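# Structure assessment
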Amino acid sequence: MPELAEIMDWAGEPVTAALLGLLTGGIFGVAAQRSRFCLRAATVEFARGRLGDRVAVWLLTFSTALVWVQAGRLLGWIDTDEARMMAVPGSWSGAIIGGLIFGVGMVLARGCSGRLLVLAATGNLRSVVSGLIFAVVAQMSLAGYLAPVRDYLAGLWITSGGRNMDLLTALSLPDWSGLALGVGMAGLALGISLHNRIGAARLIFASGVGFAVALGWALTSALAQVAFDPVQIESVTFTGPSARMLMFFLDRASVLEFDIGLVAGVFGGAMLAAALTGEMRIQAFDGAVTMRKAMIGAALMGFGGMLAGGCAIGAGVTGGSIFAGTAWLALFSMWVGAVLTDLLVDQRSLAATA
């Protein structure tokens, strides 16, 4: 990609990586805000026996990411073999334990980490506080006092061969099977959307969230081909990037990278979308109980997401789109943790007040 090489020569590799993250995040932020994409909302619908608009939006986002990423892989635009998530050993135990913890946390916090960032950009103070707690605990889990606990749990059961498991290869499936699965899931999502009479605009924006994931993979793959120094092939995720964004403002030695641009882009894109549609408004906690649950949930997501190898977006959509084995297991565990928490906490609370 000669244009990317010219930008890199002019701005340097760190700034170029940050600009690519900014572009990816901006698209994600606009699309997520307008589609109201949220794994927590989808799992709550499912737990209450409904296949409503939130399930349809999540499923369409996930399937769109599968279609774009797998098509890009077949065309040689995305190098999934060298993606950071695939090139290192994965943790089965981390995916299970971390995924369950993250699922519990996102129900208590009333939103996954990506949704909290989007809501914070629209003036939601609950999400601002929860997002800061999430970032602090994620950093503690990455390189602080919680890191030894995370390392121990992650090391209980890891993938063999020094790499994560590629599910398509492990199951001896043809190269086009990932794309075919994505198309089939997209058809199911559109069927549920039609049943719930979801408007075309919201469906387009839901697809835009999945497209942003594929764009991140494609842009970092292209950057890795022209950069002089090794570049991590990655895409949209929020656990590690939130921790690194926090340290970027606390440590003067920090440098620009894709993750920094990504978080800034999501925040800016969501804020722009909310401002243009008149949805910017200050919102606070409903009460002490809600505040306590949100803070506990944010902390659980920070640790759980770092242990699981990614958040609801990072593992659930980004990792799932390249068929990383631990990512699919983490996503399943997040669904289980969220559904059980809604059944045992939220639904019991509703029943008690009825």
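Preceding this paragraph is the structure being described.
A brief look at the structure comes next. Model, not experiment: these values are computed from the prediction.

### Structural notes on helix H14 (residues 258–276)
Look at H14: 26 Å from first C-alpha to last across 19 residues, which is about the 27 Å you get at 1.5 Å a residue. Buried within H14 we find Phe258, Asp259, Ile260, Gly261, Leu262, Val263, Gly265, Val266, Gly269, Ala270, Ala273 and Ala274. Turning to H14, the residues buried within the fold contact helix H2 (13–35), helix H5 (84–87), helix H7 (113–121), helix H12 (200–226) and helix H13 (239–250). Following H14 by one or two positions, glycine 278 adopts a phi angle in the positive range, close to 70 degrees.

### Focus on empty space enclosed by the protein
The tally for this structure, following the rule as stated, stands at 1 cavity of 30 Å³ or more. Its boundaries defined by the atoms lining it, the largest cavity holds a volume of some 40 Å³. The wall of the largest cavity is formed by Phe28, Ala32, Phe37, Gly114, Arg115, Val118 and Ile313. Among the elements that line the lining of the largest cavity, the one with the most residues is H7, at 3 residues. For the lining of the largest cavity, the class distribution of residues is 5 nonpolar, 1 polar and 1 charged.

### Quick word on the pattern of salt bridges
By the definition in use, this model includes 10 salt bridges. Aspartate 342 is paired through a salt bridge with arginine 48; the nearest N and O atoms lie 2.8 Å apart. Of the two residues, aspartate 342 is situated in helix H17 (residues 325–353) and arginine 48 in the loop between helix H3 (39–47) and helix H4 (53–74); the sequence distance between them amounts to 294 residues. Classification of aspartate 342 as buried rests on a relative accessible area of 0%. A salt bridge links arginine 244 to aspartate 259; the nearest nitrogen and oxygen atoms lie 2.6 Å apart. Within this pair, whereas arginine 244 is found in helix H13, its partner aspartate 259 is found in helix H14, the two being separated by 15 residues in sequence. Because the salt bridges share partners, they merge into one network encompassing Arg34, Arg36 and Glu279.

Rules behind the numbers
Residues numbered from 1 in each chain as written. Predicted model: local features only at pLDDT ≥ 70, side-chain atom pairs only at ≥ 80, totals over all residues. Heavy atoms only, no water. Helix = DSSP H or I, 4+ residues; strand = E, 2+ residues; numbered from the N terminus. Expected span 1.5 Å × (residues − 1). Buried < 20%, exposed > 50% of the residue type's maximum accessible area, 1.4 Å probe, protein only. Contact = heavy atoms within 4.5 Å. 1 Å grid on protein atoms, 1.4 Å probe; cavity = no way out; pocket = protein on both sides within 12 Å on 5 of 7 lines; lining within 4 Å. Points joined across faces, edges and corners; volume = space filled by probe spheres on them. Nonpolar A, V, L, I, M, F, W, Y, C, P; charged D, E, K, R; others polar. Salt bridge = Lys/Arg side-chain N within 4 Å of Asp/Glu carboxyl O.

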